[in-house]
Amino acid sequence: MQSNNFNTWLGAILSALMVMFALRTIIAESKGEGAPEKAGFEVAELKDNAGGKAAVEAPKVPDAPIAVAMKTSDADVGKTLSKACQACHSFDKGGANKVGPNLWGVLGRKPASHDGYVYSDAMKAKAGNWGYEEIYAFLAAPKAVLPGTKMTYAGLPKFEDRANVLAYLRTLADAPVPMP
């Protein structure tokens, strides 16, 4: 029967604590304490482009020139950052495509050229090759840089992060593209 007394006391203490927390919350709410200064979340501004679709505006982050950013880049940090990309991309030589194409050898490759992947029309229309500058800009805000891309990733706003990912992508090739 002693355990019943223990349970009774424990229940009384827990109930008293719950009442105290509830009263503290009610008093704080009535005084307006703890309320955010501005309600809601900040949303990226949408602009209407020529195709009638809204495009996300590129982030307003001061970028370092690619050559400067790459001087302090770290491929190991880039490999860690690229783990988020592995949900949609594979990085292995000869690896399968996923939601996005395999990224082995992407640096220096022509856009929309990896076999077996169905690219968006916007990516097929992209001219040139994937150089450091192109990937650096694309990783900042894919939808803003290439409206119509199938890539849904919001982007890496920090230029240091993009430089680190580029340093890692550079290692994913039989003959790495020279640094800028």
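Residues numbered from 1 in each chain as written. Predicted model: local features only at pLDDT ≥ 70, side-chain atom pairs only at ≥ 80, totals over all residues. Heavy atoms only, no water.

Novice: What am I meant to see in the overall build of the chain here?
Specialist: Along its length, the chain carries 7 helices and 2 strands. Seen in sequence order, the chain has helices and strands lined up from the N terminus as α-β-β-α-α-α-α-α-α. A buried classification covers 28% of the 180 residues belonging to the chain. In the chain, 48% of the contacts between residues at least 6 apart in sequence involve partners at least 24 apart. (Helix = DSSP H or I, 4+ residues; strand = E, 2+ residues; numbered from the N terminus. Buried < 20%, exposed > 50% of the residue type's maximum accessible area, 1.4 Å probe, protein only. Contact = heavy atoms within 4.5 Å.)

Novice: What is the right way to read helix α7 (residues 159–171) from this model?
Specialist: The periodicity of an α-helix, 3.6 residues per turn, causes residues three or four positions apart to be oriented the same way. With 13 residues, α7 extends 19 Å between its outermost C-alpha atoms, agreeing within 8% with the 18 Å of an ideal straight helix rising 1.5 Å per residue. Residues D161, R162, A163, N164, V165, L166, A167, Y168 and L169 constitute the buried set of α7. In the core, the buried residues of α7 are packed alongside α2 (66–71), α3 (75–81) and α5 (132–140). (Expected span 1.5 Å × (residues − 1).)

Novice: I keep staring at the environment of V99 and nothing clicks. Help me out?
Specialist: Locating V99 in the fold gives a position in the loop between α3 and α4 (121–125). Residue V99 is classed as exposed on the basis of its relative accessible area of 59%. V99 sits 19 residues away from V118 along the chain, and the two C-alpha atoms are 9.8 Å apart.

Novice: I keep staring at a nonpolar patch on the surface and nothing clicks. Help me out?
Specialist: Taken together, the side chains of F6, L10, I13, L14, L17, M20 and F21 make up a nonpolar region of the molecular surface, amounting to roughly 690 Å² of accessible area. Within the secondary structure, L17 sits in helix α1 (residues 2–31). Of the residues examined, L17 reaches a relative accessible area of 34% and is grouped as partly exposed. (Patch = residues over 30% accessible without salt bridge, like charges linked within 9 Å, V, L, I, M, F, W, Y side chains within 5 Å. Areas by Shrake-Rupley, 256 points an atom, 1.4 Å probe, with all protein chains shown as cover. Salt bridge = Lys/Arg side-chain N within 4 Å of Asp/Glu carboxyl O.)

Novice: Teacher, can you tell me more about the nonpolar core here?
Specialist: The tendency in soluble globular proteins is for nonpolar side chains to be buried side by side. One finds M70, I135, L166 and L169 to be the most contacted residues of the largest nonpolar core, which totals 27 residues. With 6 residues, α7 is the single largest residue contributor to this core. Ignoring sequence-local partners within four residues, the contact set of L166 consists of I66, M70, L107, Y132, I135 and Y136. (Core = buried A, V, L, I, M, F, W, Y, C linked by side-chain atoms within 4.5 Å.)

Novice: Help me out: how do you make sense of the side chain of R109 in this one?
Specialist: Its location among the elements puts R109 in the loop between α3 and α4. One buried charged side chain, R109, makes no salt bridge at all; its nearest oppositely charged neighbour is D115, positioned 9.1 Å away. Non-local contacts of R109, meaning those with residues more than four positions away in its chain, are made with N102, L103, W104, H114, N129 and W130. (Lys, Arg positive; Asp, Glu negative; His and termini not counted.)

Novice: Got a minute to help me understand α5 in this structure?
Specialist: Turning to α5, its buried residues are Y132, I135, Y136, F138, L139 and A140. Looking at the buried positions of α5, the neighbouring elements they touch are α2, α4, α6 (142–145) and α7.

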